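Letter by letter, the chains look like this.
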Amino acid sequence: MAKSADSLRNTRNIGIMAHIDAGKTTTSERILFYTGLTHKIGETHDGTATMDWMDQEQERGITITSAATTTQWKYDNETFKINLIDTPGHVDFTVEVERSLRVLDGTIATFDSVAGVEPQSETVWRQADKYEVPRICYVNKMDRSGANYYEVVRQVREMLGANPCPIQIPVGAEETFRGIVDLVMMKALYWHDETMGADYSIEEIPAELLDEAQEWRDKMLEAVAECDDVLMEKFFDDPSTITEDEIRTAIRKGTLSMQITPMLCGSSFKNKGVQPLLNAVCAYLPSPLDTPAIEGYDPEDPEKKVVRHPSPDEPFSALAFKIATDPFVGRLCFFRVYSGEIQAGSYVYNSRSGKKERISRLFQMHSNKQNPKDLIGCGDIGAGVGFKDIRTGDTLCDENNPIVLEAMDFPDPVIGISIEPKTQKDVDKLATALAKLAEEDPTFRVHTDEETGQTIIEGMGELHLDVLITRLQREFKVECNQGRPQVSYKEAITQTVELREVYKKQSGGRGKFADIIVKVGPADPDFEGTLQFVDEVKGGNIPKEFIPSVQKGFASAMANGVLAGYALDKLKVVLIDGSYHPVDSDQLSYELCARLAFKSACEKAGPVLLEPIMKVEVVTPEENMGDVIGDLNKRRGQVEGMESSRSGARIVKAKVPLAEMFGYVTDLRTITSGRASSTMEFDHFAQLSASIAKQVLTECQGRVDLIK
């Protein structure tokens, strides 16, 4: 036990998260190089990065899937095991970040020293807040023209609402960036270019920086003293008596409780600052023992809470957070073990499917290569092969001690396109390939349009679907034609109506009978789920066993609205009264009756169409700003604000309907001669005006007559 507790204490499950192009993959490559896992540094721009192993990642120079790897680092005379996940920065792949954060203990939030806090940095920061993941900040690209470490510190405080605590300051900036000052040791660190940054020297702080370093050290001490009472006393009595170890202990305490966020800096591309970053990961980020015991519930009784502590002696529990299809080993399931341990060839119980599964082989991952393992222990991240029925978010556990861990919520897709196989022989292959892709990616959906018979694929954005279609061609050898992109609308109702629905069918033998009186309307504003169902039936007018069938009927009917078959997000149904027939009434009759009631009620309740609205941010030169704003207004956009960036460009923020944003990147390049850039992420659904709703419904042959 002592040994495993020791190894748990020295395990770090960390991720690197940031806006696109902040240098996540470059930083990951340096970590692999300096920890001795790779002998050559891979570069994103050459397409040789280890963590970007997919062909498309290497061609596009972006990360698409989160890659996991395990490495070792010596710190303070102890060896630490680091499970590292490199996550994508592009908003279309935000699900990859979400599911990685769910299973990580700590994360490195990386920022570009010139661009600072960007839109996707805010998104990933909020995701880390949601899962309460402690983090350290790394300000990268300090060698770039316009680099400003202190401005990024200010933005982290003001834009992210964090409490940044710089524990390093840079020596120089832009082309004069030479190294860093470590405020804990009060020493300067300089890297040697001839050794690819593998060696660095620790020297005295240059005289011209001494006053600034002292000022920032005092600020650091003040911030960390608030996290530790013992340090607070020393800080007020005599700050000079505070030792380095005491500072590190207090920084660790403040980081774990998320009171402070340590800030570091460097230039991963120029091989400066990565080793102190690794030291900070070992010193300040949590081990599995520092994370609170994970809570779940008993599959037999959802009200009964079950707790698992991070110990190898507890019953086995793990969360499957990613499914990947590997051409050589088949379906790989990535999981994080929260308690107990798992051996290759053993059986585990899936608490969603209620089935036992045999895991034939276990692996520790290194990007897309697998190192076989006999055992994956508590607090570790591994992958298994042999699952017949597994989905993202499933809980794997010990059959005699079942538990369901909280699964992940995934956003609904906002854009769809129709695809059709080019040849007859592609038809069968397409169905198999789409099923595999949908299994891997929970934000990718496939369905068949009942009227046209077309296969529609839906995702989080144009890039997302583009990547998936390229994967169909390359990995699954399926050629297909694609239609133009379509927006995934939703439906809602605006009024509450009360009605009686009677369903009766008389055939030769037993008939069918159900009778319900319901009030159907919009859900309460504070309601979180999809169907708010209230049962007000008194005196057994409808037998208790039929009431869940009424609820089930409404819940399944919500998948197809009355206007054009788009799903309803929220609905409130109050079951007031009804009657039954002692012979002819059964569960199916009430379910069918509820579906009919849904249709009749929605037609009368002022149905409306909702469209996805995107949060758009455009960085443009000053002289093109008028054209950019004019173009956004033409697209039904609402400009919400304009700011100046540090490089003299202007930042325009707007909310624009997704329907108007197809091909926007090309148009933006045209109006600004290629000098502007934009980012876009989903914000919310909003009601369409009657005139536009009628146009949309005419195109998709919906019920235009219901729009008032």
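On a predicted model such as this, the values are computed, not experimentally measured, just so you know.

Regarding its fold elements, the protein presents 17 helices and 38 strands. Per-residue burial for the protein yields a buried fraction of 55% across its 708 residues. Within the protein, contacts between residues separated by at least 24 positions form 71% of all contacts whose residues are at least 6 apart in sequence. Carbon and sulfur atoms provide 48% of the accessible area of the protein, an area that totals close to 31100 Å².

For Met186, which is not glycine, the phi torsion reads 55 degrees and is therefore positive. Relative to the helices and strands, Met186 is located in the loop between strand 8 (179-182) and strand 9 (187-191). In this structure Met186 comes out as buried when scored by relative accessible area, which is 17%. Phi at Arg636 takes a positive value of approximately 65 degrees, unusual for a residue other than glycine. Its place among the elements puts Arg636 in the loop between helix 15 (625-634) and strand 36 (638-644).

A sheet is described by the order of its strands in space; here four strands give the open sequence 7-8-9-10, paired in antiparallel fashion. Because the sheet does not close on itself, it has two edges, and the strands there are strand 7 (168-171) and strand 10 (200-203). Neighbouring strand axes in the sheet, compared pairwise and without regard to direction, differ in orientation by 25 degrees on average. Relative to strand 9, strand 8 is paired through four bridges, and the arrangement is antiparallel. Within the sheet, the bridge partner assigned to Gly179 lies in strand 9 and is Tyr190. Helix 7 (residues 207-225) contacts strand 7 and strand 8 of the sheet and is inclined by roughly 160 degrees relative to strand 7.

Quick look at the nonpolar core now. Soluble globular proteins: nonpolar side chains tend toward being buried together. If you look at the biggest cluster of nonpolar residues, it comprises 77 residues, and the most contacted ones within it are Phe111, Trp125, Val156, Met220 and Ile251. Discounting residues that sit within four places of it in the chain, Trp125 has contacts with Met17, Ala109, Phe111, Arg135, Cys137, Val156, Leu160, Ala162 and Thr261. Membership of the second largest hydrophobic core comes to 75 residues, among which are Ile419, Leu468, Val537 and Ala676.

So, about the pattern of salt bridges. Applying the stated rule across the entire model yields 35 salt bridges. Among the ionic pairs, Arg144 bridges to Asp112, the shortest N-O distance being 2.6 Å. Taken together, the positions of Arg144 in the loop between strand 5 (135-140) and helix 6 (149-160) and Asp112 in strand 4 (residues 106-112) put the pair 32 residues apart, joining distant regions of the chain. Residue class for Arg144 comes out partly exposed when judged on its relative accessible area of 35%.

Moving on, we get to the packing of aromatic side chains. Evaluation of the coordinates by the stated rule reveals eleven aromatic pairs. Judged by centre distance (5.3 Å) and plane angle (65 degrees), the rings of Phe33 and Tyr34 are edge-to-face. Residue Phe33 shares its accessibility class with Tyr34, and that shared class is buried. A connected cluster of aromatic rings, assembled from ring pairs, spans Tyr149, Tyr150 and Trp216. Across from the ring centre of Trp216, 4.0 Å away, lies the NZ or CZ of Lys219, which sits over that ring.

So, about the packing of helix 7 against helix 9 (residues 244-256). At a minimum axis separation of 9 Å, helix 7 and helix 9 run at an interaxial angle of 55 degrees. When the axes of helix 7 and helix 9 are compared, the pair comes out oblique. Regarding helix 7 and helix 9, the two cross each other, and that crossing is left-handed. Facing Arg217, Met220, Leu221 and Val224 of helix 7, the residues of helix 9 in contact are Ile247, Ala250 and Ile251. Counted by class, the contact of helix 7 with helix 9 contains six nonpolar, no polar and one charged residues.

Sheets are built from strands paired through backbone hydrogen bonds, the pairs being either parallel or antiparallel. Taken together, the four strands give an open sheet; going across it, the order is 31-32-34-33, and neighbouring strands pair in mixed fashion. One side of each edge strand has no neighbouring strand; the edge strands of this open sheet are strand 31 (497-505) and strand 33 (531-535). Along the sheet, successive strands turn relative to each other by an average axial angle of 25 degrees, direction set aside. Across seven bridges, strand 32 (residues 512-521) lies against strand 34 (residues 571-579) in antiparallel orientation. Paired with Ile517 across the two strands is Asp577, which belongs to strand 34. Each of strand 32, strand 33 and strand 34 is contacted by helix 13 (residues 547-557), which is oriented at about 155 degrees to strand 33, the strand it contacts most. Of the strands in this sheet, strand 31, strand 32 and strand 34 touch helix 14 (residues 587-604), which is tilted by about 35 degrees from strand 32.

Once that is clear, we can look at a negative patch on the surface. Taken together, the side chains of Asp229, Glu233, Asp237 and Asp238 present a region of like negative charge at the surface. For Glu233, the position within the fold is in helix 8 (residues 229-237). On the basis of relative accessible area, Glu233 is assigned to the exposed category, the value being 56%.

Following the sequence through the fold, Ala649 ends up in the loop between strand 36 and strand 37 (650-657). With residues up to four places along the chain from it excluded, the contact list for Ala649 reads Val619, Thr620, Glu643 and Ser644.

Conventions used here
- Residues numbered from 1 in each chain as written.
- Predicted model: local features only at pLDDT ≥ 70, side-chain atom pairs only at ≥ 80, totals over all residues.
- Heavy atoms only, no water.
- Helix = DSSP H or I, 4+ residues; strand = E, 2+ residues; numbered from the N terminus.
- Buried < 20%, exposed > 50% of the residue type's maximum accessible area, 1.4 Å probe, protein only.
- Contact = heavy atoms within 4.5 Å.
- Areas by Shrake-Rupley, 256 points an atom, 1.4 Å probe, with all protein chains shown as cover.
- Pairing = 2+ DSSP bridges.
- Axes fitted to C-alpha atoms, helices over the stretch in contact; angles between N-to-C directions.
- Core = buried A, V, L, I, M, F, W, Y, C linked by side-chain atoms within 4.5 Å.
- Salt bridge = Lys/Arg side-chain N within 4 Å of Asp/Glu carboxyl O.
- Phe/Tyr/Trp six-rings, centres within 6.5 Å; stacked < 30°, edge-to-face > 60°.
- Lys NZ or Arg CZ within 6 Å of the ring centre and 35° of its normal.
- Parallel < 35°, antiparallel > 145°, perpendicular 65-115°, else oblique.
- Left-handed = near helix turned anticlockwise from the far one by under 90°.
- Nonpolar A, V, L, I, M, F, W, Y, C, P; charged D, E, K, R; others polar.
- Patch = residues over 30% accessible without salt bridge, like charges linked within 9 Å, V, L, I, M, F, W, Y side chains within 5 Å.
- Lys, Arg positive; Asp, Glu negative; His and termini not counted.
- Charge placed at Lys NZ, Arg CZ, Asp CG, Glu CD.

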